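Structure at a glance
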Amino acid sequence: MKPHFHKVPIKSQNSFSIRHERESSFGTVWHYHPELELHYLIKGNGVRFIGDNISNFSDGELILLGENLPHTWRVEGGMGSSAVEVIIIHFLPDCLGGDLLNLPEAYLIPKLYEKAKKGLVITGEARERIIALMRSTVNAQNLDRLIALLSILKILAETSETETITSAHAFYKSNDSETLRLNKVYAYTLSNYKNPISLQDVAAIANLGVTSFCRYFKLMTKKTYNDFLVEIRVSHACRFLIEDSLTIEVICFECGFNNISNFYRHFKKVTDMTPLEYKKKYLFKVLPEGKKPYEMSRA
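What comes next is a walk through the structure.

**Quick word on the pattern of salt bridges**
- One pass over the structure, following the stated rule, counts 8 salt bridges.
- With a closest N to O distance of 2.4 Å, Glu21 and Arg19 form a salt bridge.
- With relative accessibility at 13%, the residue Glu21 sits in the buried group.
- Residue Arg19 is classed as partly exposed on the basis of its relative accessible area, which comes to 21%.

Right under this line is the structure:
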């Protein structure tokens, strides 16, 4: 879908931005920006949309997003000052000077920036080291800020402890009316996925006829609305399965599926596993540090 251009606020006296935030505006708009984004989620959970990928997120996730990669986060339980806490670094590729990227010693950094265009989840020891640096950088001044960013880039460029998020990187420009329309569809779906949603309902939210809406949504997202809705429902089902507080039958109806066979069919299509196989695979094993067991398969 077409994202909204976002102007990242970077003070004129700084070469990059780092913010420690606890605010209700987190994840409200599907957007892109020319800055890379290093995103450490201290507290919060919900559903994230990055490029063509839909996945759950939870405490401790560390993600690097490349230039102009569309993204948004939707917090479970609604927005609020206590719902989420993050540290975010935004920086342009040449924020430390264009010549740096051309130095032979820095050859890994342009390669990192290219990989980041598909989004990267950072795991393992690299994740722990970067988180510590991000925390110390929040209050750093002058050269200490630059040294910290270089140290973070060094770890990111050299580590193999990353997982790609999207299947392809794509960038689309949009106008304000398209952004508003698609964000209304997102918000409505995430608020009502537990209930029956007809194409008539969601088309009305978009102020379009059903046929026009189906054509429009497929053009913007490269998937049908029904596929999008199923991914949202399965994403939440995965979280319930990992939490292991409800039976599979209860999860089925809690996530908006109207019968068990329908739930099993869609779950298998999205995750390549049955709900029971998924639960056994992730509930009774220790996951690698930073690994999210409820990530959806890509479109």
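**Some details on the pairing of strand E4 (residues 36-43)**
- Counted residue by residue, E4 has 7 buried out of 8 residues, so it is predominantly covered.
- Across 7 bridges, the pairing between E4 and strand E9 (residues 85-91) is antiparallel. Among the inter-strand pairings, Leu38 is bridged to a residue of E9, identified as Ile89.

**Quick notes on the pairing of strand E7 (residues 62-65)**
- Side chains of E7 alternate between two faces, with Leu62 and Leu64 and Ile63 and Leu65 buried alike.
- The pairing of E4 with E7 spans 4 bridges and is antiparallel. Within E7, the position partnered with Leu38 by the bridge is Leu64.
- The pairing of E7 with strand E10 (residues 120-122) spans 2 bridges and is classified as antiparallel. From the neighbouring strand, Ile63 faces E10, where its bridge partner is Val121.

**A few points about the packing of aromatic side chains**
- Scanning the model with the defined rule gives 13 aromatic pairs in all.
- Ring centres 5.2 Å apart and planes at 25° place the aromatic pair Tyr186 and Phe228 in the stacked group. Here Tyr186, found in helix H4 (residues 176-192), pairs with Phe228, found in helix H7 (residues 225-243); they are 42 residues apart in sequence, far enough to count as distant.
- Ring geometry for Phe213 against Tyr225: centres 5.8 Å apart, planes inclined by 65°, an arrangement best described as edge-to-face.

Analysis parameters
- Numbers given for residues are sequential positions, taken from 1 along each chain in its written order.
- Totals for whole chains, interfaces and linings use all residues, but because this is a predicted model, local features are given only for residues with pLDDT of at least 70 and pairs of side-chain atoms are given and counted only at 80 or more.
- As a convention, hydrogens and water are excluded, and side-chain values are obtained from all of the structure's heavy atoms.
- Salt-bridge detection follows one rule: a side-chain nitrogen of Lys or Arg within 4 Å of a carboxyl oxygen of Asp or Glu.
- Exposed residues in this analysis have more than 50% of their type's maximum accessible area, buried residues have under 20%, and partly exposed residues fall in between, with area computed by a 1.4 Å probe over protein chains only.
- Every helix listed is a DSSP run of H or I at least four residues long, and every strand listed is a run of E at least two residues long, numbered separately from the N terminus.
- Strands qualify as paired when DSSP identifies two bridges or more between them.
- For Phe, Tyr and Trp, rings pair up if their centres lie within 6.5 Å, where Trp contributes its six-membered ring, and each pair is then called stacked (planes under 30 degrees apart), edge-to-face (over 60) or tilted (otherwise).

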